[in-house]
Structures are given as C-alpha cells and as structure tokens.
Amino acid sequence: MHSTENSPVLLRAVAREVEEFVATAGWDQGLQLFALVPTAELLTQQPELAGQLDPEASPLTPIAQDELPDTDLAQALLGIVWPDVVVGCALAQEILVLPPEAEEKLRAEELGDEEARAFAAAHPQRREARLVAAVLRDGTAACVLHLRGNTEMPDEVVEHPELAPNLTDALLETFKP
C-alpha cells in the first residue's frame, strides 16, 4: 500500500466506501471521522478479522473514530495525532450546497459563519448533501459529494479531489508532526 502509484484510485474507492457506510444510517447525522489503516496491517494486529476483511479487495480499511467534540471543526482537527499505522483519514459531514449565484452573493456579502449558515439554510435552491473528504499521508486527496434528492431531482453523486480543498488541507495537517 505504500506505493503512491495507485493512491488516487484507491482513495476514491475508500471515500465512496465511507459515504456508502455513512448513508446506511440515513441523513441528519453529525460529523464522522475515520482512520484509514492498511488492511494487511490490521489483520496482523487482529487476526480474528480475517473472515471479514480481504486485503486484496480492500487494501485500506476505514475505522470509525470517537465522535469529534462540538467545537469548531478546524479546532477539533488541530488536536488529532495519528499513530504511524494510520496512513490516511476520512471525514463525512452533511452540508448545504447552493447554486453558483447564491455562492457569489454569499462571498460578496462577507457574512460571518452564523450569518452564512442562516443564509444557506433559508435559500430556496439549497440542496442537502453529504461530503466525504479523504486524504493519505502522501498528500493524495479524494472527495465524494452525495447530493440528497427530492421530488424534482434524484440523488446525485459527484467525485473530484478538489471539491473541498480547505477540508482536505485541514485533514492533511493532522498528519504533520
């Protein structure tokens, strides 16, 4: 797994896996953080999992972490220190997505965090979404955005490593000494 050649493909698959896992519990969930551990290493430390995990099919295993404190996300991430066996992490969070013109208006008005949240929550074209951002120690990033469907629109899934650059940067900071 320490080869970076397949890191982007592998990380995209893990980000999708995390989104699918979180989706099984439905919507209206809090932040969820996952450590990404090489499956072979996990099986070495916990051989009783051999019947449940296949390192060939899934070289990385996401492991749910304790709930993050109810503080600012950036502050919560600053306090995280990963052991060496953790080669990456993923964070799932629900967000509101606005159309581009609303995003521009939001930036132009330079609202504070609470005001921006209120603006987004009240916008008639907002869409609820679940964002999963995942990173590896080598700097590889992947993001999956699951837009919640409604009567007019079906669910939609978008994948791109640059969907949440500030979040992936913050997650990468958790691996710096």
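Draft legend 1. A look at the overall build of the protein chain. Secondary structure summary: the protein chain contains six helices and six strands in total. Across the protein chain, helices and strands are ordered from the amino to the carboxyl terminus as α-β-α-β-α-β-α-α-β-β-β-α. Relative to its length of 177 residues, the protein chain is compact, with a C-alpha radius of gyration of 17 Å against a globular reference of 16 Å. Along the longest, intermediate and shortest principal axes, the C-alpha atoms of the protein chain span 50 × 40 × 30 Å. Here the protein chain, with 177 residues, has 39% of them falling under the buried criterion. When contacts within the protein chain are restricted to residue pairs at least 6 apart in sequence, long-range pairs at least 24 apart make up 66% of them. When the accessible surface of the protein chain is summed, it comes to about 10,500 Å², and 51% of that surface belongs to carbon and sulfur atoms. Across the protein chain, the centroid of the 11 positively charged side chains sits 5 Å from that of the 32 negatively charged ones.

Draft legend 2. Spotlight on the sheet that holds strand S2 (residues 60–64). Spatial ordering of the open sheet is given by S2-S1-S3-S4-S5-S6, a layout of six strands whose pairing is antiparallel. Only two strands of the sheet have a single neighbouring strand rather than two, namely S2 and strand S6 (156–159). Across this sheet, the average inter-strand angle for adjacent strands is 20°, counted without regard to direction. In the packing of helix H6 (residues 165–173) onto the sheet, the strands contacted are strand S1 (32–38), strand S3 (88–97), strand S4 (127–136) and strand S5 (141–147), and the crossing angle to S4 comes to about 35°.

Draft legend 3. Representation of the layout of surface pockets. A volume near 1,500 Å³ is recorded for the largest pocket. Gln93, Glu94, Ile95, Leu96 and Leu131 are, among the 32 residues lining the largest pocket, the residues nearest its centre. Counting only elements with at least two residues in the lining of the largest pocket, the list comes to helix H3 (73–78), S3, helix H4 (100–109), helix H5 (113–122) and H6. Considered as a void within the structure, the second largest pocket measures approximately 220 Å³ in volume. Lining of the second largest pocket is provided by 14 residues; of these, Ile80, Glu173, Thr174, Phe175 and Lys176 occupy positions nearest its centre. Elements with a minimum of two residues in the lining of the second largest pocket: H3 and H6. The element contributing the most residues to the lining of the second largest pocket is H3, with three residues.

Draft legend 4. Molecular detail of H6. Among all positions of H6, only Leu167, Thr168, Leu171 and Leu172 are buried. Relative to the axis of H6, the buried residues are bounded by an arc of 140° and lie together on one face. The inward-facing, buried residues of H6 abut S1, H3, S3, S4 and S5.

Basis of the calculations
Residues numbered from 1 in each chain as written. Predicted model: local features only at pLDDT ≥ 70, side-chain atom pairs only at ≥ 80, totals over all residues. Heavy atoms only, no water. Helix = DSSP H or I, 4+ residues; strand = E, 2+ residues; numbered from the N terminus. Rg over C-alpha atoms; globule rule 2.2 N^0.38 Å. Buried < 20%, exposed > 50% of the residue type's maximum accessible area, 1.4 Å probe, protein only. Contact = heavy atoms within 4.5 Å. Areas by Shrake-Rupley, 256 points an atom, 1.4 Å probe, with all protein chains shown as cover. Lys, Arg positive; Asp, Glu negative; His and termini not counted. Charge placed at Lys NZ, Arg CZ, Asp CG, Glu CD. Pairing = 2+ DSSP bridges. Axes fitted to C-alpha atoms, helices over the stretch in contact; angles between N-to-C directions. 1 Å grid on protein atoms, 1.4 Å probe; cavity = no way out; pocket = protein on both sides within 12 Å on 5 of 7 lines; lining within 4 Å. Points joined across faces, edges and corners; volume = space filled by probe spheres on them. Arc of directions from axis to C-beta.

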